[in-house]
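Listed here are the chains, written in short residue letters.
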Amino acid sequence: MGEVRFGVRDVAGVRFAISPLWETVTSFRAVADPGRYAVHLPWLTSVRALRADRALAARTAPLRVLTAVDGPGARPAADAPEFLTPPPRCPLAEFEEELALLAVPPAGAAGAAPPDPADALRAWWEAAVRPYWPRVRAVLEADISYRTRQLAEDGIQEVLSRLHPALRWTGDRLVSAELGPAVLDLDGRGITLAPSAFAVRCHLLTGPGPTPPALVYPARAVGTLWERRGASGEGLALLLAGPSSPATTTQLAARTGLSLAAVSQHLGVLRDAGLVTRHRYRREVHYATSELGDALLERA
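Residues numbered from 1 in each chain as written. Predicted model: local features only at pLDDT ≥ 70, side-chain atom pairs only at ≥ 80, totals over all residues. Heavy atoms only, no water.

**As for the overall build of the protein chain**
Scanning the protein chain from terminus to terminus reveals 12 helices and 10 strands. Counting every position in the protein chain, which comprises 300 residues, the buried fraction comes to 45%. Considering only intrachain contacts with a sequence separation of at least 6, the fraction spanning at least 24 residues in the protein chain is 65%. In the structure as shown, the protein chain presents an accessible area of about 14900 Å², 55% of it carried by carbon and sulfur atoms. (Helix = DSSP H or I, 4+ residues; strand = E, 2+ residues; numbered from the N terminus. Buried < 20%, exposed > 50% of the residue type's maximum accessible area, 1.4 Å probe, protein only. Contact = heavy atoms within 4.5 Å. Areas by Shrake-Rupley, 256 points an atom, 1.4 Å probe, with all protein chains shown as cover.)

Set out below in structure tokens:
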């Protein structure tokens, strides 16, 4: 039974992040073991043809070697070597930013130089993940919005105890068999909570030195990720319902099937009517339904 031990400073240092690098590595493993990822069947079907692409296969060959998805000694599903999945450090990190911080792989057998995973990861990201990233990111950000609202209403203890059924909060520590037998003392570093679309269980990611470790957990509502979008006539109703969790115009476009221009136009109308509010976070503008909008949705 693994444990993550918290001190007072660690509770104050809880933060959230999204890792496109983690999703890239784990989605690559999902293709190798589709039986464990039935919820992603529409995506798996759409990327199946990529496996027959010889150029892509050649570029991702180092990733197959490093993740051991083929042949004897293959790793358990959803597991990957630690140097490929460092703890995320920023809630808005881009794929290339995380790739630049990737650790050098350890030497192979007899000190042989290991394959460089950067190009392989970039190839898989561009072909299989990036085209769907707005959808994936929208689900992950919706999970974070839910958790932060829970934090405001019920406190950090409720957030930690409800991250996943396999986790238990017992006074000053998280306990779970999924975290392995090790005991991790955060020692004032805090911890990053990272929802994942492709995780099938919880994972604890540790980094060098003072880097806060990360707890990756399966995100809420992943089952809605690959749902078919409604007809354009339904778009406005979906748009009003969508911002119950803060979302950008790009995320709303991905959810509703509307174009960015149409989403911007509709949001302007809804905002003028007092049905949505907006606020800026760093480089992005997020929209959410107002109290009046929530009341209107309840009556619908």
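**Details of the nonpolar core**
Core analysis: the largest hydrophobic core is formed by 54 residues, its most contacted members being Phe6, Trp43, Leu121, Leu193 and Leu215. With seven residues, the top contributor of residues to this core is helix H6 (residues 117-129). Phe6 has contacts with Val11, Val14, Leu160, Trp169, Asp172, Arg173, Leu174, Leu186 and Ile191, leaving out every residue within four places of it along the chain. Within the second largest apolar cluster, 12 residues are counted, among which are Ala247, Leu252, Leu270 and Val276. (Core = buried A, V, L, I, M, F, W, Y, C linked by side-chain atoms within 4.5 Å.)

**Considering the confidence of the model for the protein chain**
For the protein chain, mean pLDDT is 81; residues scoring 70 or higher make up 83% of the total. Under a pLDDT of 50 for its full length, residues 71-78 has, in the predicted model, 18 contacts with residues more than four places off or in other chains. (pLDDT = per-residue confidence, 0-100.)

**Section: the pattern of salt bridges**
Enumeration over the complete set of coordinates arrives at 10 salt bridges. Across the salt bridge formed by Asp119 and Arg59, the nearest N and O atoms sit 2.8 Å from each other. Highlighted residues: Asp119 in helix H6 and Arg59 in helix H4 (residues 54-67), separated in sequence by 60 residues. Judged by relative accessible area, Asp119 falls into the partly exposed class, the value being 36%. One salt bridge in this structure joins Arg173 and Asp172, with 2.9 Å as the shortest N-O distance. Judged by relative accessible area, Asp172 falls into the partly exposed class, the value being 34%. The network of salt bridges with shared partners includes Glu3, Arg5, Asp172 and Arg173. (Salt bridge = Lys/Arg side-chain N within 4 Å of Asp/Glu carboxyl O.)

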